[in-house]
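Each chain, letter by letter, is given below.
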Amino acid sequence: MPSAETLIIPVEKLPSQGYGYTFSTIEVPPLVYADILEYQKELQGSKNSLSDFLIMLKHLLLPLHNGDRISLYDATALLSLRSFASVCKDLTAPMTINYLCPIHNKQEQLQVTMENISFGKLDKAFKKIKAVKLKDKERNIFIPTIAQFNTLANSIKTLLPANNALRYLYILSMFQDAYEEDKVTELVNDFMTADTDDIFT
């Protein structure tokens, strides 16, 4: 039984609009203080954006009930929601974010609420795409779960350049060949030498 603080999110309200889910809601409780400390400690030791993302999945989403079955497409929205819910008792109240403006090189403040954050919805056309061509070979695609992405990332991250590993893994994780041991190396090699701008056109 979820606590009063736990948010119950209908999957059709997520960016994926429930596409690929076999359950109807996701329970999102706030992090307890001990979990926040452990999460922050691990994040401080992170070396790149892929490492950051995998640590976020590990601490914020994978422990949720059905967390391993969350669509990768919904990961950013749910990561934001759980982070926000963990620091704000009132989700309608604004949260102040301090950041360094890269253009003016000075500290700025931004106030956000969950109500004024929006995430792009899954394009209906994507649901009809079952395969794409990569190096003149048809390859089946799908939207993976965060557990599938996490497993793949940990198995092939050393094959990718660290500065673009997260971006590349987002795309590679959508190929079914990425999850077949005898095909993944060929897939990575083809992807790294392909004109990636043309893959999804």
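All residue numbers here refer to positions counted from 1 along the written sequence of the relevant chain. Only residues with pLDDT of at least 70 are given local features in this predicted model, and only at 80 or more are side-chain atom pairs given and counted; all residues enter the totals for whole chains, interfaces and linings. Neither water nor hydrogens contribute to the side-chain values; these are computed over all heavy atoms in the structure.

**Q** Before we go on, may I ask you to explain the overall build of the protein in this structure?
**A** The helix and strand labels rest on DSSP assignments: H or I over at least four residues marks a helix, E over at least two residues marks a strand, and numbering proceeds from the N terminus. Of regular secondary structure, the protein possesses six helices and six strands. Note on contacts: a residue pair qualifies if any of its non-hydrogen atoms lie within 4.5 Å across the two residues. Restricting to contacts in the protein with at least 6 residues of sequence separation, those with at least 24 account for 54%. Of the roughly 12100 Å² that the protein leaves accessible, carbon and sulfur atoms contribute 52%. Accessible surface is estimated by sampling points in the Shrake-Rupley manner with a 1.4 Å probe; for residues, cover comes only from the protein chains shown.

**Q** I would appreciate a short explanation of the packing of aromatic side chains in the present structure.
**A** The geometry of an aromatic ring pair comes down to the distance between the two centres and the angle between the two planes. Pairing of aromatic rings covers Phe, Tyr and the six-membered ring of Trp, with a centre-to-centre limit of 6.5 Å; geometry is then stacked below 30 degrees between planes, edge-to-face above 60, and tilted otherwise. Per the counting criterion, the structure on display carries six aromatic pairs. Aromatic side chains Phe 53 and Tyr 170 sit 5.6 Å apart centroid to centroid with 45° between the ring planes, which places their arrangement in the tilted category. Taken as a pair, Phe 53 in helix 2 (residues 49-61) and Tyr 170 in helix 5 (residues 165-172) lie far apart in primary sequence, 117 residues in all. Using a 1.4 Å probe on the protein chains alone, a residue whose accessible area is under 20% of its type maximum counts as buried, one over 50% counts as exposed, and one in between counts as partly exposed. Judged by its relative accessible area of 6%, Phe 53 is buried.

**Q** Quick question: what am I supposed to make of the pairing of strand 2 (residues 25-28) here?
**A** Along a regular strand, successive side chains alternate from one face of the sheet to the other. Only one face of strand 2 is buried: it carries Ile 26 and Val 28, and the other face, with Thr 25 and Glu 27, is open. For two strands to count as paired, DSSP must find a minimum of two bridges between them. Summarising the sheet, strand 1 (residues 7-10) and strand 2 pair through four bridges and their orientation is antiparallel. Residue pairing in the sheet places Pro 10 in a bridge with Thr 25 of strand 2.

**Q** I would appreciate a short explanation of the nonpolar core in the present structure.
**A** What tends to happen in soluble globular proteins is that the nonpolar side chains get buried as a cluster. Among the nonpolar cores identified, the biggest contains 50 residues, and Ile 26, Leu 57, Leu 61 and Phe 149 are the most heavily contacted of them. Secondary structure elements with two or more residues in this core: strand 2, helix 1 (33-44), helix 2, helix 3 (75-87), strand 5 (131-134), helix 4 (146-156), helix 5 and helix 6 (184-193). Take this core: its biggest share by element is seven residues, from helix 2. Those residues within four positions of Leu 61 in sequence are excluded, and the remaining contacts are Met 56, Gly 67, Ile 70, Ala 75, Leu 78, Leu 79 and Ile 146. For this analysis, a nonpolar core means a set of buried residues of the types Ala, Val, Leu, Ile, Met, Phe, Trp, Tyr and Cys, connected via side-chain atoms within 4.5 Å.

**Q** Please clarify how the packing of helix 5 against helix 6 should be interpreted in this entry.
**A** When two helices pack together, their arrangement is given by the angle between the helix axes and the distance between those axes. Between helix 5 and helix 6, the shortest axis-to-axis distance is 12 Å and the interhelical angle comes to 120°. Of the possible angle classes, the one that applies to helix 5 and helix 6 is oblique. Helix 6 is crossed by helix 5, and the crossing has right-handed handedness. Packed against helix 5, whose contacting residues are Tyr 168, Ile 171 and Leu 172, the element helix 6 presents Leu 187, Val 188, Phe 191 and Met 192 at the interface. Residue composition of the contact of helix 5 with helix 6, grouped by class: seven nonpolar, no polar and no charged. Lines fitted to the C-alpha atoms define the axes, with helices restricted to the stretch that makes contact. Angles between their N-to-C directions range from 0 to 180 degrees. An angle below 35 degrees is read as roughly parallel, one above 145 as roughly antiparallel, one from 65 to 115 as roughly perpendicular, and any other as oblique. Note on convention: near helix rotated counterclockwise from far helix by under a right angle means a left-handed crossing. Clockwise means right-handed. Side-chain classes follow a simple rule in which Ala, Val, Leu, Ile, Met, Phe, Trp, Tyr, Cys and Pro form the nonpolar group, Asp, Glu, Lys and Arg form the charged group, and the remainder, Gly included, forms the polar group.

**Q** I'm lost on the pairing of strand 6 (residues 137-140) in this one. Help?
**A** As defined by bridge partners, strand 5 adjoins strand 6 across four bridges and the pair is classed as antiparallel. Note on strand 6: the bridge partner recorded for Ala 131 is Asn 140. Between the end of strand 5 and the start of strand 6, which pair antiparallel, lie two residues, with Lys 135 showing a positive phi angle near 55°.

**Q** Got a minute to help me understand the pattern of salt bridges in this structure?
**A** Close approach of charged atoms allows side chains of opposite charge to pair. In what follows, salt bridge is the name for a side-chain nitrogen of Lys or Arg lying within 4 Å of a carboxyl oxygen of Asp or Glu. Scanning the entire structure with this criterion turns up six salt bridges. Salt-bridge contacts for Arg 139 lead to Glu 186; the nearest nitrogen and oxygen are separated by 3.7 Å. One end of the pair, Arg 139, is in strand 6; the other, Glu 186, is in helix 6, and 47 residues separate them in sequence. The shortest N-O distance in the salt bridge between Arg 139 and Asp 190 comes to 2.6 Å. A residue pair is termed long-range when its members are at least 10 positions apart, and Arg 139 in strand 6 and Asp 190 in helix 6 qualify at 51 residues. Through salt bridges with shared partners, one network takes in Lys 137, Arg 139, Asp 177, Glu 186 and Asp 190.

**Q** What exactly am I supposed to notice about the environment of Ile 143 here?
**A** Residue position: Ile 143 is located in the loop between strand 6 and helix 4. Through-space distance from the C-alpha of Ile 143 to that of Tyr 73 is 7.1 Å; in sequence the pair is 70 residues apart.

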